[in-house]
Amino acid sequence: MPIKFEEKRKIFHLYTSNFSYYMHVNKYNYLIHLYHGNYLSDISKERVSERYMERYAFVDNGKEVQDEDYYFSTFASKFECAPYGKHDKRNPFAVINDKSNIDITNFLYVEHKMYPGVDPHFTMPYPRFTAKECQTLEIILKDEYRDIYLHMYYTISEKYNILVRHSKVVNKTNEPIYVHKFSAMELDFDNDDMDIVAYHGSWGSERQKEVIPLNHSLTEISDNHGERGFYYNQNILLKSKDATLDMGEVYGFGLMYSGDFSYQFKVDEINQTRMIVSYNPENFMFTLNKDEELYSFAVLCVHSNEGINKVTQIFHDVARDKIIRETWAKKERPILINSWEAMYMNFDTDRLIKFIDKAKEAKIDLVVIDDGWFGHRDDDKSSLGDWFINTKKVDLQKIADYTHSSGLKFGLWFEPEMISPDSELYKVHPEYALYADNVKNPTLQRHQLVLDSINPEAREHVLNQIFKVVDALKPDYIKWDFNRYLSEAYSKYLTTEHKKETYHRFVLASYSMFNAFITRYPNILVESCAAGGGRFDFGMLYYTPQIWCSDETDIAIRAKINYSTNTFYPLSTQGTHVSMRKNGSIRDKACLAFFGTYGYEMDITKSSDEDIKTIQFMNDLFKKYHSVVTKGDYYAIYDPYTTNYVSWNVVSKNKKKCLVYFMIFNKEQTHARFIKLKGLDKNKYYFNSLTNDIYKGDFYMNVGLNISAEFGSYDSMLFVLEEVNSIPAKIYRKTKQVDGGKREKLLW
């Protein structure tokens, strides 16, 4: 089993074939971190723990006691859960107050448990490991001064080469306690020779890669918007400064949480680094009465000594196999067209019928009716919360039936967690809006308020309306939107002592709504969305198998968004569409959208015959190779944040097929360029669609594909390599060039 405890030295070793995590209980019952990194068969706790700093000293019954060795320093040792208010002035694991108004917090080891499987009491999103796929270490600690217990959970899966961390605090005192800061995990490093790779953004510019050097001041990566996380994504990398896509030490951290979070990094005076991953303490305080408990979210922890691509592949495998529901995890997705950019809210029954007919002609599988079909909504100023069909505007039952009778799938847009002041629901139940009791003029965004879904009556009222529509129309797909973030966020439903719990409880309420929906409709494909890609996280993927990646579909910007998103999330989870935005032809846009769920944002009734032929061709191509995108191994090749190109390839698990994407940003003349592919079988022979040649995998990986030609701005290439069954007697090459000697950009 991948967890061992050595009783004599009190050392824990969690491991896979590639990774080791060591910690031990010292003589003062502190849980001390020793090592995390490449697999290590044994460790010397003395040599690792030595810190030639001031010895640990304290007063006992009026006398000074000084430790005789250098194995423990209260301000320099590496902890698993650092104390607060004592000698250690680095960022703490937890800050807990009580009626004494003294918040010194110091957890010491009591006991531990080891068991197959995961923590059975954890109810938030978590990898769906079976008992055979993982083992959990649960370490129980007690506060030095109060009957407050901390449970720390370490779940390790040798099969997936991943460690999952979370924690729980339990109040066993007879009085309320107040949790001001609470962490899922702490990780202390021996040095500061690392860079943080984080992903900031805004609407239309989500997940922009940013490299941040560690420094001696406190560095924080956090978000405080409440479930619409444009500002920073929940996942980061921590890498050695010389690490690349395929070489060097890289740590990856992914939060299975959709709310406010905080990564804090503090480099101390001897250049050690502490990382704390917690709920964002800005809008956070939990009141726990006797026997009540608070869980953290779960953190996925991945390590690689083979660069970023290896970390990416572990995240992708875990997400596909163990986070996304099995119903949809590896299922190929229908090609969809969404009505939004085609007609916004300006539609009627006849216009939608023509839209459906043209979609069928273009070999599209799924037609989605976006915003504007409910209440009295003709613009974004009304009707959220009134989830009944506007029969004066559209015969939606006819549209659903016509779509299905045409052999297509039908989809529908909802925004369940919002409420408009101009709605029947708000007029009857203004208390269903989320804002503080003393706020007379609550702030609007997009003319809307947030539904107080913490209130179970509000939550159930909205869901019951939606269930009636879904039961009647029988959609195959739902787009679940979330178009504004939280402000003045104090739930009227919560009592005074629990008001500061609103942000976290709102996340739990959202999860409850998603769970209620997918439990009732397990076979409906649900795509979550938040004003674009502001809700892209592993917590959402636990409920919805795909997420709208961004409202920005212009390939000049979207290529960077996709590249960053690919670092953590499988391609099959990313809503990627072709639109009529400025840069690139339909073919160029399709090349990029190909590496995702694939669909269209355009008025197809206005498309030319030539454009329809292009769309039909790309749709056939997508269906032929979609399984590679859905299930294959992803490798980044060119980083668009450091080069003039963006490129990646995806290889099927059996190494028989490979899809390659390349795009150039700024025009270049003919240069010597070779795309060195990754992940092929070096001994297999592959036919490639770029040059119609056959070479062995080692040729494509070491020499590469020669694209030494002139390129215009945003020129894109998509090509396929497929294994040939017999070893060729000679290299095959086209006898006739169909384009005057220039390389073809596509499988045309």
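Residues numbered from 1 in each chain as written. Predicted model: local features only at pLDDT ≥ 70, side-chain atom pairs only at ≥ 80, totals over all residues. Heavy atoms only, no water.

### Remarks on the packing of aromatic side chains
Considering all chains together, one arrives at 65 aromatic pairs under this definition. With a centroid separation of 6.2 Å and an interplanar angle of 40°, the aromatic rings of Y153 and Y295 are classed as tilted. Within this pair, whereas Y153 is found in strand β10 (residues 148-157), its partner Y295 is found in strand β21 (residues 293-295), the two being separated by 142 residues in sequence. Given the relative accessible area of 1%, Y153 is considered buried. Seen from their ring centres, F699 and Y700 are 6.0 Å apart, and the 80° between their planes marks the pair as edge-to-face. A relative accessible area of 27% places F699 in the partly exposed class. Given a relative accessible area of 0%, Y700 falls into the buried group. (Phe/Tyr/Trp six-rings, centres within 6.5 Å; stacked < 30°, edge-to-face > 60°. Helix = DSSP H or I, 4+ residues; strand = E, 2+ residues; numbered from the N terminus. Buried < 20%, exposed > 50% of the residue type's maximum accessible area, 1.4 Å probe, protein only.)

### Some words on the pairing of strand β5 (residues 57-60)
The two faces of a sheet get side chains in turn, since along a regular strand they alternate between them. Pairing of β5 with strand β6 (residues 63-66) involves 4 bridges; the strand directions are antiparallel. Following the sheet pairing, V59 is matched in β6 by E64. Counting the residues that bridge the hairpin from β5 to β6 gives 2 residues, and of these N61 lies at a positive phi of roughly 55°. (Pairing = 2+ DSSP bridges.)

### Describing the side chain of N233
Here N233 is to be found in the loop between β15 (219-223) and β16 (236-240). Not counting chain neighbours up to four residues away, the residues in contact with N233 comprise Y199, R207, F261, F536 and Y569. (Contact = heavy atoms within 4.5 Å.)

### Thoughts on helix α11 (residues 586-593)
Counting buried residues in α11 gives 7 out of 8 residues, a clear majority hidden from the surface. Those residues of α11 lying buried are I586, D588, K589, A590, C591, L592 and A593. Taken together, the buried residues of α11 touch α10 (555-566), β32 (577-579), α12 (609-631), β35 (645-651), β36 (657-664) and β41 (716-723).

### What about the pattern of salt bridges?
Per the counting criterion, the structure on display carries 47 salt bridges. Where E6 meets R9, a salt bridge forms, and the shortest distance between an N and an O atom there is 2.8 Å. According to the relative accessible area criterion, E6 is partly exposed, its value standing at 33%. Linking R505 and E501 is a salt bridge whose minimum nitrogen-to-oxygen distance equals 2.7 Å. By relative accessible area, E501 is classed as buried at 0%. Among the charged side chains, a salt-bridge network with shared partners connects D88, R90, E186, D188, D268 and R274. (Salt bridge = Lys/Arg side-chain N within 4 Å of Asp/Glu carboxyl O.)

### Observations regarding the state of the cysteines
This model, assessed by the stated rule, comprises 0 disulfides. The closest cysteine sulfur to the non-disulfide-bonded C529 is located on C549, 11 Å from its own sulfur. Under the relative-accessibility criterion, C549 is labelled buried at 0%. (Disulfide = S-S within 2.5 Å.)

### Regarding the packing of α11 against α12
When two helices pack together, their arrangement is given by the angle between the helix axes and the distance between those axes. One way to put it is that α11 packs onto α12 with a least axis distance of 10 Å and a crossing angle of 20°. Judged by the angle between their axes, α11 and α12 are roughly parallel. When the axes of α11 and α12 are compared, the crossing they make is right-handed. Where α11 abuts α12, its residues I586, R587, A590 and C591 lie against D611, T614, I615 and M618. Taken together, the residues that form the contact of α11 with α12 break down as 5 nonpolar, 1 polar and 2 charged. (Axes fitted to C-alpha atoms, helices over the stretch in contact; angles between N-to-C directions. Parallel < 35°, antiparallel > 145°, perpendicular 65-115°, else oblique. Left-handed = near helix turned anticlockwise from the far one by under 90°. Nonpolar A, V, L, I, M, F, W, Y, C, P; charged D, E, K, R; others polar.)

### Describing the nonpolar core
Within the largest apolar cluster, 200 residues are counted, with the highest numbers of intra-cluster contacts made by F253 and F517. Looking at this core, the element that brings in the most residues is helix α8 (residues 502-520), giving 9 residues. Grouped together as the second largest cluster of nonpolar side chains are 22 residues, Y635, I664, L690 and M717 included. (Core = buried A, V, L, I, M, F, W, Y, C linked by side-chain atoms within 4.5 Å.)

### A few points about unusual backbone geometry
A positive phi angle, near 50°, is found at A531, a position not held by glycine. Locating A531 in the fold gives a position in the loop between β29 (525-528) and α9 (538-541). Judged by its relative accessible area of 6%, A531 falls in the buried class. Despite not being glycine, Y714 has its phi angle at roughly 65°, a positive value. Take Y714: it is sitting in the loop between β40 (705-706) and β41.

### Quick look at the sheet that holds strand β4 (residues 31-38)
Across a sheet, paired strands are connected by hydrogen bonds in the backbone, their directions being either parallel or antiparallel. What the 4 strands build is an open sheet, ordered β1-β2-β3-β4; its pairing is antiparallel. Every other strand in the sheet has two partners, leaving β1 (3-6) and β4 as the edge strands with one partner each. Each strand axis lies, on average, 15° off the axis of its neighbour in the sheet, ignoring direction. As paired strands, β1 and strand β2 (residues 11-15) are joined by 4 bridges and run antiparallel to one another. Across the sheet, E6 pairs through a bridge with I11, a residue of β2.

### Quick look at helix α2 (residues 308-323)
What sets the pattern is the α-helix's 3.6 residues per turn: residues three or four places apart point alike. Compared with an ideal rise of 1.5 Å per residue, which puts 16 residues at 22 Å, α2 spans 21 Å between its outermost C-alpha atoms and is within 8% of the ideal. Counting buried positions along α2 yields 13 of 16 residues, so the element is predominantly enclosed. (Expected span 1.5 Å × (residues − 1).)

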